[in-house]
Amino acid sequence: MLNTVNSKSAILLATWLYICSMPVIAQDLPEQAQAQADQGALNIELRVEDNTQFIERNENATPLSEQVESLKRAALELNRDLLLLEEDLLFPANTQVAVYVSLDVGEYFAMDAVKLTIDGELVASHLYTQKQNSALVRGGIQRLYLGNLKTGQHEITAFFHGIGPQNREYKRGASYTLTKDQKPTMLEIKVRDSSRNMQPTFEFKEWHL
């Protein structure tokens, strides 16, 4: 009988302890859930913040194509500056001479080739294509020669070869006496149509800078 009572007491004690422990567990569960929820919210906020920063960096970043174009422009500008510097070093102002060719109308003459001599020495020659002739007719100017000459007088002669009036082969030479000074010299050879003579004319014009 005593053993039975002790067994029942042990069962009652265990049941009471279980019941007493239930509120504690019920209280712990919301706190854990709240902590997990808070941690999840914190993670979400961090992700949102990271995404915002990433989007801002993308908006502020320069596209690769624009960077490439910028580098190309910088390279072209640098190349141009280097060419100008090279010309200044190779052809100083006090000895520089440049000879250009221009074509007016071109009805009585289509150029095939030109040769340029200075003081009897061949210094430049050029063969013309149909596109180059068309460009000259539209107002283009070709730089035929760039070089150095000492001060004094020099004989400059241009020999032209092409198709002249009545679609015949045409050859013509024109000369000019240049007096070189200490300033850069530009010399333009103008090929013009003469309506009165119905043939081309070749004129030299000196430009002073």
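Look up a bit, the structure's there.
Here the structure is a predicted model, which means the values were calculated and not measured. (Residues numbered from 1 in each chain as written. Predicted model: local features only at pLDDT ≥ 70, side-chain atom pairs only at ≥ 80, totals over all residues. Heavy atoms only, no water.)

Points about the sheet that holds strand S4 (residues 141–148)
Strand order across the open sheet formed by 4 strands is S4-S1-S7-S8, with mixed pairing between neighbours. This sheet does not close on itself; its edge strands, each paired only once, are S4 and strand S8 (199–208). Neighbouring strand axes in the sheet, compared pairwise and without regard to direction, differ in orientation by 20° on average. Alignment of strand S1 (residues 96–103) against strand S7 (residues 185–194), held across 7 bridges, turns out to be parallel. Within S7, the residue paired with Val-97 across the bridge is Thr-185. Relative to the sheet, helix H3 (residues 130–137) contacts S1 and S4, its axis offset from that of S1 by approximately 90°. (Pairing = 2+ DSSP bridges. Helix = DSSP H or I, 4+ residues; strand = E, 2+ residues; numbered from the N terminus. Axes fitted to C-alpha atoms, helices over the stretch in contact; angles between N-to-C directions. Contact = heavy atoms within 4.5 Å.)

Re the pairing of strand S5 (residues 152–163)
As paired elements, strand S2 (residues 110–118) and S5 share 8 bridges and run antiparallel to each other. Counterpart to Ala-113 in the pairing with S5 is His-161. In this structure, S5 lies alongside strand S6 (residues 169–180), joined through 12 bridges in antiparallel fashion. Bridge pairing in S6 links Thr-157 to Ser-175. In this antiparallel pair of consecutive strands, S5 and S6, the connection spans 5 residues, and Gln-166 shows a positive phi of 60°.

Function cannot be inferred from these measures alone, as they are strictly geometric.
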